[in-house]
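# Structural overview for review
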Amino acid sequence: MPIVSRVTLPALVMLACAGPVSAQGNSSWSQPFMPHRVAGNLYYVGTRGLASYLITTPEGHILINSSLESSVPMIRASVEKLGFKFSDVKILLVSHAHWDHNAGSALVKELTGAKYMVMEQDVAVTEDGGKSDFQYGSEPSSRYKPAKVDRVLHDGDEVKLGGAVLKAHLTPGHTKGCTTWTMTAREGAKAYDVVIVGSPNVNEGYRLVNNDKYPGIAADFAKTFQVLKSLHCDIFLGAHGDYYGMDAKVAKMKPDGPNVFVDPDGYRAWVADREQAYLRALKNAK
Ligand SMILES: [Zn+2]
């Protein structure tokens, strides 16, 4: 699995998790990272450890993941460095309702007036600032400023703006409304199928059986792997850059070289690895 070779296992767990263990965050979360074009009108505008994506259109932009409140000025700087206006962000989406991806949403809404669109099963927790999270609700460090959801999304819904179309796939388990986004990025004559994975990770402490607060969690994870395996992926992205080996891919970028983010084999291998991790966790839970 590519990501294991680059980071130690504890570091990987820290990056993959949003939980009390990492409530202070990983140092990479607050490190700036070079904003870059992924393909066509799709750009990376996140920090080193927390991925945010910008989809630009003539009618304004879509931002995926507000990340931490302290990430917002860094995301803004990245958007501006690419030559776009932060105030042109019209729609805000998230990978899932954990604070490392959504704590900055209230601030993004305030600064841009963007419409916040969230998967149905993550709406309540988003609007109570993490209080009703099935795992971390009682952890004050996992809370964030509540943000009002302007449009409730359902599995398969499309978000459209200025010719861009993003499809919301419910990939639950990690959170009840965890969302994997897909879109087509066009570059010249090429069209790439992009998958932005929400998270398939079973965090430390997650109870896969006899979970009163999330009785269907194991079945939901199983459904998520079915969905992820069914998606056609050319360009592999995710809620954290380490899912898809962002650092190494960015280091290989060349002005006229091939698109380094095209990685269908890496996607399949990573999904398979994460499914094995889930199956091990399930076996241990029984
Ligand atoms: Zn998470």
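In short, a report on the structure. Bear in mind the structure is a predicted one, so any value in this text is a computation, not a measurement. (Residues numbered from 1 in each chain as written. Predicted model: local features only at pLDDT ≥ 70, side-chain atom pairs only at ≥ 80, totals over all residues. Heavy atoms only, no water.)

With that settled, the discussion passes to the packing of helix H7 (residues 217–230) against helix H9 (residues 264–285). How two helices sit against one another is set out by the angle between their axes and by the gap between those axes. Relative to each other, H7 and H9 sit at 165°, their axes nearing to 10 Å. As summarised for this structure, H7 and H9 are arranged roughly antiparallel, according to the angle between their axes. For the crossing formed where H7 meets H9, the hand is left-handed. Here Ala218, Phe221, Ala222, Phe225, Gln226, Leu228 and Lys229 of H7 lie close against H9, whose contacting residues are Tyr267, Val271, Arg274, Glu275, Tyr278 and Leu282. (Axes fitted to C-alpha atoms, helices over the stretch in contact; angles between N-to-C directions. Helix = DSSP H or I, 4+ residues; strand = E, 2+ residues; numbered from the N terminus. Parallel < 35°, antiparallel > 145°, perpendicular 65-115°, else oblique. Left-handed = near helix turned anticlockwise from the far one by under 90°. Contact = heavy atoms within 4.5 Å.)

Now for unusual backbone geometry. The phi dihedral of Asn65 falls on the positive side, at around 80°, and the residue is not glycine. With respect to the element layout, Asn65 can be found in the loop between strand S4 (60–64) and helix H3 (72–81). We note that Ser199 has phi near 160°; this positive angle belongs to a residue other than glycine. The topology assignment puts Ser199 in the loop between strand S11 (190–197) and H7.

Distances from the zinc ion to its protein donors, His96 (NE2), His98 (ND1) and His174 (NE2), fall within 2.1 to 2.2 Å. Positions of the donor residues of the zinc ion along the chain correspond to the pattern H-x1-H-x75-H. In this pair, His98 is assigned in the loop between strand S5 (89–93) and helix H4 (99–102) and His174 in the loop between strand S9 (164–170) and strand S10 (179–187), connecting sequence segments 76 residues apart. One exposure class covers both His98 and His174, and it is buried. (Donors = N, O, S within 2.8 Å, 3.2 Å for Na, K, Ca; no water. Buried < 20%, exposed > 50% of the residue type's maximum accessible area, 1.4 Å probe, protein only.)

That is the geometry; function is a separate question.
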